[in-house]
Amino acid sequence: MGPEVRTEAARLSAIFEGLGAQPVDTSILQPADVLLDLYGEDIRARAYVTADPLRGEMMLRPDFTVPVVRAHMDEGGDPARYCYAGEVFRRQETDPDRPIEFLQAGFEIFGGDPAQADAEVFATIADALEGLDLWPSTGDIGILMAAVRGLRTSEARKGALLRHVWRPRRFRALLDRYGARTPLPAQRKALMAADDPFEGVGPVLGLRTRIEIETRIATLRDEARTPPISEEEMELIDMILDLRETAPNVLSSLRDIAVDMPAIGDAVTGLTRRLDAMSARGVDVQSLPFEGSFGRTTLEYYDGFVFGFQSPTRADLPPVATGGRYDALTRQLGQGRAVPAVGGVIRPELVVQIREGRA
Ligand SMILES: N[C@@H](Cc1c[nH]c[nH+]1)C(=O)O
């Protein structure tokens, strides 16, 4: 890594510190058994995990956010803001040109008004990247979550959809099944119809007990008896997933959708307030892109505003900056306490690479 990269990381840290963020460090080796699940499927597959004889499973930190939240929930008072710069580690499964170890310079805001904090994080990162002509993307996982929670269907279905919000393909498949757009697989249908599913199957082998299997079949039967999600609600969810427009146009579509789906009302008000706060900070909200599905494939702790900045001329590079809101993560690590929180990171190596490519 060249000295320019360290200089760039220091420049970014100085910007965050200038906003009152307290510099923090986290151990490179983190407890995997406690933390790894919080990242979700993608990172779980990409973390470097090792075993320590006394501490159990350890991993090379895949990011700073989770360790910083953990430390804050253990010992910090609200509100608080932190910044950091250091290496994170992620396996690359397919692309050998992507680094497995890279620097992140970032900051996190705990507490305060969520719309203001979202706007501050986004505007600070946009300003820090000024001159690189990057393209922003934004989204809001909270809108889709609110829509799912408001569906007129069983809690079991809502729970399953919420667990898969970050996995678009599985979410789609589940939704289409619940909306009766795809039929039940033949085998499942036969199982549902059988008077005694154990008849003629011989002794119960395998890892699951008979009681576990019976409970699972009862759950599947409940599911099969639940009426399909209405076509009207299916279409509203589709409309949310397909949103891809400037933020003001998305906002007006969402207001229309909220008439038929009042459950997203608060999330839409939150988006309105965020856009106002962003505009007050000089963000060009009129042309800001917003996608209903943005941020659904990365970190599973995001549950509100999400954003990224990408080079339009270097689409081969990963996003230069990413971030988002993760209120629920603070509750998971807070032992009963929770605080609204948002943050973002910039990758100094990519900033230098793009800047040099343009020089
Ligand atoms: N930790 C995230 C970025 C982030 C910081 N704060 C919120 N999000 C990442 O590694 O992509």
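Keep in mind that what you see is a predicted model, and the values were worked out from it rather than measured.

Caption draft 1: Seen up close, the sheet that holds strand β11 (residues 321–325). What the seven strands build is an open sheet, ordered β1-β5-β6-β12-β11-β10-β7; its pairing is mixed. Here the strands that pair on one side only, and so sit at the sheet edges, are β1 (22–23) and β7 (135–140). Across two bridges, the pairing between β1 and strand β5 (residues 80–89) is parallel. The residue of β5 that forms the bridge with glutamine 22 is tyrosine 82. Strands β6 (101–110) and β12 (341–346) of the sheet are contacted by helix α15 (residues 348–358), whose axis makes an angle of about 115° with β6.

Caption draft 2: Up close: the pairing of strand β10 (residues 305–310). For β10, the buried fraction is high: five of the six residues fall into the buried class. Pairing of β7 with β10 involves six bridges; the strand directions are antiparallel. Counterpart to proline 136 in the pairing with β10 is phenylalanine 309. Inspection of the sheet shows β10 paired to β11 by four bridges, in the antiparallel sense. Residue pairing in the sheet places phenylalanine 307 in a bridge with glycine 323 of β11.

Conventions and cut-offs
- Residues numbered from 1 in each chain as written.
- Predicted model: local features only at pLDDT ≥ 70, side-chain atom pairs only at ≥ 80, totals over all residues.
- Heavy atoms only, no water.
- Pairing = 2+ DSSP bridges.
- Helix = DSSP H or I, 4+ residues; strand = E, 2+ residues; numbered from the N terminus.
- Contact = heavy atoms within 4.5 Å.
- Axes fitted to C-alpha atoms, helices over the stretch in contact; angles between N-to-C directions.
- Buried < 20%, exposed > 50% of the residue type's maximum accessible area, 1.4 Å probe, protein only.

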